[in-house]
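The chain contents come next:
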Amino acid sequence: MSHTTAGTEPTQPPPGDDTAFFGQPRGLLTLSGLEVWERFSFLGMQAILVLYFADKVSDGGLGMDPGTAASVSAAYGTLVYLVSVAGGWLADRILGSYRAVLYGGILIACGHYAMAVPTATMTWVGLGLISAGTGLLKPNVASMVGKLYGTDDERRDAGFALYYMGINIGAFAGPLITGWLGDHASWHWGFSAAAFGMTLGLIQYVLGRRHLAGRKHGAEYALAPGPMRRALLLIVAGAVVVAVVATALALAGWLTMDRFVDVLTVISVIAPVVYFVVMFRSPRVTADERGRLRPYVVLFLASVVFNFILFQAYSTMILLASTNARTEIFGFHFPASWYASALGAFEVALAPVVAAVWARMGPRQPHASNKIAIGVILGGLSFILMVLPTSGHADDTYKMAAWWIVGSYLLLGLGDILVETSGMSATTKLAPKAFASQTMALWFLSLALANGIQSQIVKLYGEVSNPAYFGVNGAIAVTAGVAVIAAAPWLKRTMHPVH
């Protein structure tokens, strides 16, 4: 039954919607549909972004060397997920989840339209708008999914798996369209397709809004009118100051691209530390909630390790595919960026299988921490697999069979389903009530930290041998996954009510 009070969001989904979507709440369809198109645009663009950065200026690219292209691409990812902290706070205190997601989607669409303009300046403007919009949208749409379920609802993990399948339908389709356009027309035509996709996502989100909790209400923990006005003034003033200072430093020659990447990496390390400290010390967090935050730190670090591997599917792996992998299967030639679609395809195919397995097992399914640990190990193995086809060559002119990268993405895709669905589901259950949207933003800070670390490590790509690069990074991930399994007894005791 829906429990609604003035100024707050309902804590339960409408009764009539509870099993309307394959046994799941009807609102899951609306939120999954939004993510289909958001991921279509975001990952469709990201699949060609590193290639656009590395392409020659004469061919419409920005002329970066591969290591720099991968580093800048990772730094963009860092910025996207760092902004999610502000997005979570704005939803909790000012906008409410529904409006935060709506406004975020509008900014994302505008950013992609900006990137469709074939100038370097509009590329950076577009990436800035997309970063701001994704920071508003991502943590809050995932929190809205969590609100569709009670804490002890055993459908929750299966629901998140279906939600994640929606994400990966977009992840599969996006690179196919943008990659073909980037290869056959221009990179900016690919960015145009991403803009069109996000526009469709916004349309279906608004049309399906009646199935979403809280759309008619403000923030769940809204600031009083006076503090809200002061907060808005500080946000606007802060944004203006940052823009002015950054512009001045850039014009003075101090704020170079390398230094900007380094600054983002430092912020990605500091932000989650500060955020955990604030939540642990907050008087609005109860003793029980504080106890559940401790095991969450372990899950946070596991997410960092896994996503450090995952995000390279759109940077070093795409670069490797463009130079050292065959771009044909059974005589059919395709753009190198299409390899990114293999990851989405595997997740589309495997997500319902995983959801069905968890639903069938019910309370007998593995603990969330073990699901995450297995996912991290699979991520590490996906990199270790790449040691084989990249070893034993006299030079860098070799071409590996497409199946090597496809096999690596298979391992990575299954690992992603286990880590992200269980991680997001556990986050919504472990979150202190007063930090609901912000705790989901904290999960996305793990993605920011993963990208921040990646933006530094990928600089080694091309400087060390490929077997060493992929082998060492993969071994670190496997070791981390084994460590989480070893900590399973303590995690099971401290993560109640997560099972």
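Residues numbered from 1 in each chain as written. Predicted model: local features only at pLDDT ≥ 70, side-chain atom pairs only at ≥ 80, totals over all residues. Heavy atoms only, no water.

Student: When you look at the overall build of the chain in this model, what are you seeing that I'm missing?
Tutor: Looking only at helices and strands, one finds 17 helices and two strands in the chain. Against the 2.2 N^0.38 benchmark of 23 Å for 499 residues, the chain shows a C-alpha radius of gyration of 22 Å, consistent with a compact globule. Dimensions of the chain, computed from C-alpha atoms along their principal axes, come out at roughly 65 × 55 × 40 Å. Out of the 499 residues belonging to the chain, those deemed buried represent 55%. The contacts in the chain between residues at least 6 apart in sequence include a share of 82% that link residues at least 24 apart. Carbon together with sulfur atoms contributes 70% to the accessible area of the chain, which is approximately 19,600 Å² in total. Charged side chains of the chain number 31 positive and 26 negative; the gap between the two group centres comes to 11 Å. (Helix = DSSP H or I, 4+ residues; strand = E, 2+ residues; numbered from the N terminus. Rg over C-alpha atoms; globule rule 2.2 N^0.38 Å. Buried < 20%, exposed > 50% of the residue type's maximum accessible area, 1.4 Å probe, protein only. Contact = heavy atoms within 4.5 Å. Areas by Shrake-Rupley, 256 points an atom, 1.4 Å probe, with all protein chains shown as cover. Lys, Arg positive; Asp, Glu negative; His and termini not counted. Charge placed at Lys NZ, Arg CZ, Asp CG, Glu CD.)

Student: Honestly, the pattern of salt bridges in this entry has me stumped. Any pointers?
Tutor: Here the idea is simple: oppositely charged side chains can pair when their charged atoms come close. Inspection of the entire model under this criterion finds four salt bridges. Between Glu38 and Arg39 there is a salt bridge whose closest N-O contact spans 2.6 Å. Per residue, the accessibility class of Glu38 equals that of Arg39, and both read buried. Residue Lys459 is joined to Asp262 by a salt bridge in which the shortest nitrogen-to-oxygen separation is 3.4 Å. Here Lys459, found in the loop between α15 (436-457) and α16 (466-486), pairs with Asp262, found in helix α8 (residues 257-281); they are 197 residues apart in sequence, far enough to count as distant. Since its relative accessible area comes to 32%, Asp262 is described here as partly exposed. (Salt bridge = Lys/Arg side-chain N within 4 Å of Asp/Glu carboxyl O.)

Student: Help me understand the packing of aromatic side chains in this model?
Tutor: Both the distance between ring centres and the angle between the ring planes are used here to describe each pair of aromatic rings. Tallying each qualifying case throughout the model produces 18 aromatic pairs. Between the aromatic rings of Phe334 and Trp338, the centroid separation amounts to 6.4 Å while the plane-to-plane angle is 10 degrees, which identifies the pairing as stacked. You'll find Phe334 and Trp338 in the same group, each marked buried. Plain terms: the ring middles of Tyr461 and Phe470 are 6.5 Å apart, the flat faces sit at 75 degrees to each other, and that makes the pair edge-to-face. The same class applies to Tyr461 as to Phe470, namely buried. An aromatic cluster of at least three residues, connected via ring pairs, comprises Tyr52, Phe53, Trp124 and Phe191. Lying over the aromatic face of Trp358, Lys371 brings its terminal NZ or CZ to 4.3 Å of the ring centre. (Phe/Tyr/Trp six-rings, centres within 6.5 Å; stacked < 30°, edge-to-face > 60°. Lys NZ or Arg CZ within 6 Å of the ring centre and 35° of its normal.)

Student: Before we go on, may I ask you to explain the packing of helix α10 (residues 316-324) against α16 in this structure?
Tutor: Any two packed helices are characterised by how steeply their axes cross, that is the angle between the axes, and by the distance between the axes. Close contact between α10 and α16 brings their axes to 13 Å; oriented N to C, the two are set at 150 degrees. Taken as axis vectors, α10 and α16 run roughly antiparallel relative to one another. Two packed elements cross with a definite hand, and for α10 against α16 that hand is left-handed. Across the interface between the two elements, Thr316, Met317 and Leu320 from α10 touch Asn466, Tyr469 and Phe470 from α16. (Axes fitted to C-alpha atoms, helices over the stretch in contact; angles between N-to-C directions. Parallel < 35°, antiparallel > 145°, perpendicular 65-115°, else oblique. Left-handed = near helix turned anticlockwise from the far one by under 90°.)

Student: It is not clear to me how unusual backbone geometry should be interpreted in this structure. Could you clarify?
Tutor: Most peptide bonds take the trans configuration, and most residues that are not glycine carry a negative phi. Phi is positive for Phe330, which is not a glycine, with a value near 55 degrees. Secondary-structure assignment places Phe330 in the loop between β1 (328-329) and β2 (332-333). With relative accessibility at 80%, the residue Phe330 sits in the exposed group.

Student: Would you mind showing me how to read the side chain of Arg39 here?
Tutor: By the element assignment, Arg39 lies in helix α1 (residues 27-54). Of note is the side chain of Arg39, whose polar atom sits 2.6 Å from the side chain of Glu38. Among all residues touching Arg39, those that are not within four sequence positions of it are Gly44, Tyr81, Thr134, Lys138, Ile167, Gly170 and Ala171. (Polar contact = N/O pair within 3.5 Å; in protein donor to acceptor, adjacent residues only side chain to side chain.)

Student: I keep staring at the nonpolar core and nothing clicks. Help me out?
Tutor: Nonpolar side chains tend to gather and get buried jointly when the protein is soluble and globular. Formed by 118 residues in total, the largest nonpolar core has its most connected members in Met45, Tyr163, Tyr205, Tyr339, Ile405 and Tyr409. It is α1 that provides the largest number of residues to this core, a total of 13 residues. Once residues lying within four places of it in the same chain are set aside, the contact partners of Tyr339 are Ala321, Ala325, Arg326, Phe334, Ala402, Ile405, Val406 and Tyr409. (Core = buried A, V, L, I, M, F, W, Y, C linked by side-chain atoms within 4.5 Å.)

Student: Can you help me understand helix α4 (residues 120-146) in this one?
Tutor: Given 3.6 residues per turn, any residue in an α-helix points the same way as the ones three and four places further on. The terminal C-alpha atoms of α4 lie 39 Å apart, and with 27 residues this matches the ideal 39 Å at 1.5 Å per residue to within 8%. Of all bends in α4, the biggest is about 30 degrees, found at Thr134. In terms of burial, α4 is a largely internal element, 19 of the 27 residues being buried. (Expected span 1.5 Å × (residues − 1). Bend = angle between axes of the 7 residues up to and from the residue.)

Student: Is there a simple way to think about a nonpolar patch on the surface in this case?
Tutor: On the surface, Val266, Val269, Ile270, Val274 and Val278 cluster together to form a nonpolar patch covering roughly 400 Å² of accessible area. Among the secondary structure elements, Val266 is positioned in helix α8. Assessed through its relative accessible area of 46%, Val266 is described here as partly exposed. (Patch = residues over 30% accessible without salt bridge, like charges linked within 9 Å, V, L, I, M, F, W, Y side chains within 5 Å.)

Function-wise, these values are silent; they only describe arrangement.
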